[in-house]
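# Structure at a glance
Next come the chains, spelled out residue by residue.
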Amino acid sequence: MRTGRLLGSGRTADVYEIDETWVLRRYRDSYGDAAAEAVVMDHVRGHGYPVPGVGAATRSDLVMQRLPGPTMLESLLEGRFGPEEAGAMLARLLRELHALPARRSADPGVRVLHLDLHPQNVIMTADGPKVIDWANAEEGAPGLDWGMSAVILAQAAVAGEPRVDGVRALLAAMLAGQRGASALTEEGLLEARARRAANPTMTAREVELLGEAEHLIRGLIGS
């Protein structure tokens with residue numbers, strides 16, 4: 001597919017402009033399955049969850065609705081709102097996702113999981129936050145989704161980077177937003193740490209921080 005200017009790059013994909021309405025997200029090095037990702041996005045969007053619309057998809061390319069607005073991270077850095085508000089918003093997005101029925105499983109304990117929900121994957125549009133990057137989505141127990149978000153944020157909080165206090169506050173606010181079946185579990189936390197350790201996009205330094213990150217999470221939830 002013909003692409004326009006490069007709008008942004010992540011660890012595994014690049015996003016290109018198509019026109020004012022659509023963008024192309026293209027995986028690099030045969031990573032991911034954009035067609036499978038599109039199916040999940042269509043499913044959750046059909047149940048009212050805030051995701052961009054999908055135009056077309058192949059294994060490597062995903063054409064999706066262009067979302068005007070900054071990421072949640074950019075909004076935080078610009079001071080548009082504080083970390084506590086952002087953490088509460090992430091918690092709400094997780095709870096709302098876990099309230100939806102799974103696409104394949106009939107098990108009531110199984111839900112759609114994003115597995116990479118953090119401030120860079122939320123776009124702050126005029127209509128509210130919308131969740132992007134569904135490459136890691138699976139069906140399973142909500143505790144794993146909470147675990148993945150918590151470990152990602154905790155790694156950032158213990159990394160010694162700028163705004164560490166803000167990330168800790170954001171993580172604490174997110175964990176305070178757990179409700180009922182949509183909550184972090186021991187199994188979810190341990191599985192999330194193991195998955196992050198095995199993620200080939202992690203640097204050696206990021207893997208080294210996992211123990212400290214888990215300690216921070218346990219301290220915040222009192223376990």
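## Observations concerning the sheet that holds strand β1 (residues 6-9)
With antiparallel pairing, the 5 strands of this open sheet are ordered in space as β1-β2-β3-β5-β4. Looking at which strands have only one partner, the edges of the open sheet turn out to be β1 and β4 (54-57). Along the sheet, successive strands turn relative to each other by an average axial angle of 20 degrees, direction set aside. Looking at chain direction, β1 and strand β2 (residues 13-17) are connected through 3 bridges and run antiparallel. Looking across to β2, one finds that S9 is bridged to D14. Helix α1 (residues 34-46) contacts β3 (22-27), β4 and β5 (61-65) of the sheet and is inclined by roughly 25 degrees relative to β5.

## Topic: helix α4 (residues 142-158)
Here α4 is 17 residues long and its end C-alpha atoms lie 24 Å apart, about the 24 Å a rise of 1.5 Å per residue gives. Among the 17 residues that make up α4, 16 are buried, leaving the element largely enclosed by the rest of the structure. Positive phi appears at G160, one or two residues downstream of α4, with a value of about 75 degrees.

## A look at the environment of I18
Relative to the helices and strands, I18 resides in the loop between β2 and β3. Linking I18 and G128, residues 110 residues apart in sequence, is a C-alpha distance of 23 Å.

## Quick notes on the packing of helix α3 (residues 83-98) against α4
Where α3 contacts α4, the axes come no closer than 10 Å and their chain directions differ by 160 degrees. What the angle tells us is that α3 and α4 run roughly antiparallel. Helix-helix and strand crossings are classified by hand; for α3 and α4 the assignment is right-handed. The residues of α4 that touch α3, namely those facing L90, A91, L94, R95, L97 and H98, are P142, D145, W146, S149 and L153. Considered class by class, the residues forming the contact of α3 with α4 number 7 nonpolar, 2 polar and 2 charged.

Cut-offs applied
Residues numbered from 1 in each chain as written. Predicted model: local features only at pLDDT ≥ 70, side-chain atom pairs only at ≥ 80, totals over all residues. Heavy atoms only, no water. Pairing = 2+ DSSP bridges. Helix = DSSP H or I, 4+ residues; strand = E, 2+ residues; numbered from the N terminus. Axes fitted to C-alpha atoms, helices over the stretch in contact; angles between N-to-C directions. Contact = heavy atoms within 4.5 Å. Expected span 1.5 Å × (residues − 1). Buried < 20%, exposed > 50% of the residue type's maximum accessible area, 1.4 Å probe, protein only. Parallel < 35°, antiparallel > 145°, perpendicular 65-115°, else oblique. Left-handed = near helix turned anticlockwise from the far one by under 90°. Nonpolar A, V, L, I, M, F, W, Y, C, P; charged D, E, K, R; others polar.

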